[in-house]
Amino acid sequence: VLRSLGIPTRVITNFNSAHDKNTNLSIDKYVDTSGKTLDLSEDSVWNFHVWNESWFTRRDLGSFYDGWQVLDATPQEKSKGIYQCGPASTKAIKEGHVNLDYDSSFVFAAVNADYVTWVHYSKKRKERIYSDTKKIGKFISTKAVGTNSRVDVTANYKYPEVKDISFKISYSQYKNSLMDDRKILVTAV
C-alpha cells in the first residue's frame, strides 16, 4: 500500500528476534536449582520475524529521526490500547532512544535485548547466572533491488557487537596474590 502511494518501502527480516513481553529490554529465562526451565516469563525468542520499513520525514520527532521507519503489520502486543507497531525510527533504535513514542523500545528489544538466565530460588529470591548480549538480532536483512541477493542492514539497527576478551593468569600469580593480599595484574591474551 505504501509503495502504491510513492513511499519507499522494503521488507526486513530479523533472525533471533526477541519478543519482550514485559518491556524490560531483556529476554528472561528462569531455571530451578537443578537447571530445569521454569515457565515464569512470557518473553520469547523467535527464529525470525518480518516487518516493513518505510522512508519518512519525522517532523513529530525531529529531523535526526528521518529515514527508515519500522512498521509491523503483524504486531503481537497492544500499543496505546490497540494492536499496532511503529513507525519507529531505525536511528532511534540504533541509538537506544527507547523512550520515544511509536514502539521504539519494543523494536529495540527485538534486535538488541540481552538474553538473561536466572536461577529462581523463591518468589522473593532470584540470581542472574548468565547474560548473552549477542544472541538477539542476527542477520537483519532485506532483498536487494533488482536481484534476489540479501542485503545486510544490521548496522542500521545496532552497533557492531563487542568481541569478548579472554584473560589469562598463571597459578603462581594467583597463589602469590592470595598469600600477599595484592591485586592481580591481568593480562589480555
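Each chain has its residues counted from 1, running along the sequence as written. Whole-chain, interface and lining totals are the exception, using all residues; otherwise, since this is a predicted model, local features are given only for residues with pLDDT of at least 70 and side-chain atom pairs are given and counted only at 80 or more. By convention in this description, side-chain values take in all heavy atoms of the structure and omit both hydrogens and water.

Per an unreviewed UniProt entry, the protein is named TGM3L glutamyltransferase, and its organism is Jacana jacana.

The subject of this paragraph is unusual backbone geometry. The omega torsion across Gly86 and Pro87 is 5°, close enough to zero to call that bond cis. In this structure, Leu25 takes a positive phi of about 65° despite not being glycine. In DSSP terms, a helix is any run of H or I states spanning at least four residues, a strand is any run of E spanning at least two, and both are numbered starting from the N terminus. Mapped onto the elements, Leu25 comes out in the loop between β1 (9–19) and β2 (26–31).

What follows is about the packing of aromatic side chains. A pair of Phe, Tyr and Trp rings is counted when the ring centres sit within 6.5 Å of each other, with Trp represented by its six-membered ring. The angle between the planes then sorts it: under 30 degrees is stacked, over 60 is edge-to-face, the rest tilted. For the coordinates displayed, the defined rule picks out 5 aromatic pairs. Between Tyr30 and Trp118, the ring centres sit 6.5 Å apart and the planes meet at 20°, which makes this aromatic pair stacked. Of this pair, Tyr30 sits in strand β2 while Trp118 sits in strand β9 (residues 114–122), and the two are 88 residues apart along the sequence. Any residue under 20% of the maximum accessible area for its type is buried, any over 50% is exposed, and the rest in between are partly exposed; the area is computed with a 1.4 Å probe on protein chains only. The class of Tyr30 is buried, set by a relative accessible area of 12%. Overall, the relative accessible area of 18% leaves Trp118 in the buried class. We count a charge as sitting over a ring when the NZ of a lysine or the CZ of an arginine lies within 6 Å of the ring centre and within 35 degrees of the ring normal. Above the face of the Trp68 ring, Arg10 is positioned so that its terminal group lies 4.0 Å from the ring centre. Above the face of the Tyr102 ring, Arg58 is positioned so that its terminal group lies 4.9 Å from the ring centre.

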